[in-house]
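Here are the chains, one letter per residue:
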Amino acid sequence: MKKKTHWRLKVLKWHRRIGVVLSVFLLWMLASGVLINHANDLQLDKQQLNNEFWLKWYGLSSTNTQLIGDKSLSLNKQGLWLNQQNLGECSSLLGVAKSSQEVVVVCPEHILLLLPTGELIDHVDKSRGLSIVSQKMAVVEQKIIVLANNEQLYQLDTQSLSFSPFLPVTTPINWQEIQQPQAQLSYEQWLLDAHSGRLFGSWGKWLVDLLSVLLIILIVSGWYLAKRRHQLKNV
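About the criteria used
- Residues numbered from 1 in each chain as written.
- Predicted model: local features only at pLDDT ≥ 70, side-chain atom pairs only at ≥ 80, totals over all residues.
- Heavy atoms only, no water.
- Disulfide = S-S within 2.5 Å.
- Helix = DSSP H or I, 4+ residues; strand = E, 2+ residues; numbered from the N terminus.
- Buried < 20%, exposed > 50% of the residue type's maximum accessible area, 1.4 Å probe, protein only.
- Pairing = 2+ DSSP bridges.
- Axes fitted to C-alpha atoms, helices over the stretch in contact; angles between N-to-C directions.
- Contact = heavy atoms within 4.5 Å.
- Phe/Tyr/Trp six-rings, centres within 6.5 Å; stacked < 30°, edge-to-face > 60°.
- Lys, Arg positive; Asp, Glu negative; His and termini not counted.
- Salt bridge = Lys/Arg side-chain N within 4 Å of Asp/Glu carboxyl O.
- Polar contact = N/O pair within 3.5 Å; in protein donor to acceptor, adjacent residues only side chain to side chain.

Caption draft 1: Just the state of the cysteines, in detail. One pass over the full model with this rule turns up one disulfide. Covalent S-S linkage joins C90 and C107, the inter-sulfur distance amounting to 2.0 Å. Negative torsions about the S-S bond denote left-handed disulfides, and the value of about -100 degrees found for C90 with C107 makes this one left-handed. One end of the pair, C90, is in the loop between strand 4 (85-88) and strand 5 (95-98); the other, C107, is in strand 6 (residues 103-107), and 17 residues separate them in sequence. The same class applies to C90 and to C107, which are both buried.

Caption draft 2: Representation of the sheet that holds strand 6. Ordered in space as 5-6-7-8, the four strands form an open sheet in which the pairing is antiparallel. Whereas interior strands pair on both sides, the edge strands pair on one side only; in this sheet they are strand 5 and strand 8 (120-125). Here the strands of the sheet are splayed against their neighbours by 15 degrees on average, with no regard to which way each runs. By the bridge criterion, five bridges tie strand 7 (residues 110-114) to strand 8 in an arrangement that is antiparallel. By the bridge assignment, I111 is partnered in strand 8 with V124.

Caption draft 3: Here's a closer look at the environment of V106. Within the fold, V106 resides in strand 6. In this structure the C-alpha to C-alpha distance between V106 and V146, which are 40 residues apart in sequence, comes to 8.9 Å. The contact partners of V106, leaving out residues within four places of it in the chain, are S92, L93, L94, G95, I111, M137 and V146.

Caption draft 4: View of the packing of aromatic side chains. Scanning all chains against the criterion turns up three aromatic pairs. Measuring from ring centre to ring centre gives 6.3 Å for Y154 and F163, while their planes differ by 70 degrees; the resulting arrangement is edge-to-face. By relative accessible area, which is 17% here, Y154 ends up buried. Classification of F163 as buried rests on a relative accessible area of 18%. The interplanar angle of 35 degrees and the centroid separation of 6.0 Å between the aromatic rings of F200 and W203 together place this pair among those described as tilted.

Caption draft 5: Just the sheet that holds strand 11 (residues 153-157), in detail. Read across the open sheet, the four strands follow the order 9-10-11-12; overall the sheet is antiparallel. With one partner strand each, in any of the chains shown, strand 9 (134-140) and strand 12 (162-165) form the two edges of the open sheet. This sheet shows a mean twist of 35 degrees between the axes of neighbouring strands, independent of strand direction. Both strand 10 (residues 143-148) and strand 11 contribute to a ladder of three bridges, which runs antiparallel. When the bridges of strand 11 are listed, I145 appears paired with Q155.

Caption draft 6: Quick peek at the environment of Q184. In this fold, Q184 is placed in the loop between strand 12 and helix 3 (187-196). Exposure remark for Q184: the relative accessible area of 26% places this residue in the partly exposed category. Q184 sits 109 residues away from L75 along the chain, and the two C-alpha atoms are 8.9 Å apart. If near-sequence neighbours (up to four positions away) are discounted, Q184 is found in contact with Q48, N50, L60, L75 and N76.

Caption draft 7: Inspection of helix 3 at higher detail. Buried residues of helix 3: W190, L191, D193, A194 and S196, and no others. Residue G197 follows helix 3 closely and has a positive phi angle near 95 degrees.

Caption draft 8: Region of the structure containing the side chain of E102. Tracing the sequence through the fold places E102 in the loop between strand 5 and strand 6. Although E102 lies buried, it forms no salt bridge, and the closest oppositely charged side chain, K143, sits 13 Å away as judged by the N-O distance. Of the polar contacts made by the side chain of E102, one reaches the side chain of T158; its length is 3.0 Å. Not counting chain neighbours up to four residues away, the residues in contact with E102 comprise A97, L113, L114, P116 and T158.

Caption draft 9: Structural view of the side chain of S92. Looking at where S92 falls in the secondary structure, it is placed in the loop between strand 4 and strand 5. Taking the relative accessible area as the measure of exposure, S92 reaches 9% and is therefore buried. With near-sequence residues (within four places) excluded, S92 lies in contact with L75, V106, C107, P108, I178, Q179 and Q180.

Encoded structure:
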């Protein structure tokens, strides 16, 4: 009888220790599972995670992000974004010109005019009469110019968002660096990877499997201890 009691107390001791460790794991799995289940409702699939640590963890870069006022302008495969506001399609970002009165954003077939605080004033694309497909953008003598398909230089009128021919200048033209769309990290994707363990690489899923097995052991041992306690009370 003493041997059985000693063995039961030993199981109970380890049951409590495992329970403390797994309670954190179980809480995370439940909370993340609820968030994933309502990802569309919470728009977690559209909200981008811009934390520098996690971007580096995924091998992504945040260098394509620049500020317009206190808002972040970024380009990904889903289009051009100002924080969570989609500004439309943009195959590549040719450049951004800022002044005290306005900000001009130039894409090959899409040009946007914004206030310095980030509010959209106007935009033009092929559906609104834009006939020039730009290849490069620069600011020369406080004038915005683009290089079009036929190697012709055009000057942008920011009032009407229309182009007129631009005469070559003797000063060198410093074209802005073209930014290509990069993959982005959504909150939904981060939650899915963290929930499954893939966030920590190939061994992460095995860790989740191990913790899941331990949780099963905890539940089974709990049932056993409860059953044994009930049997001892009835003896």
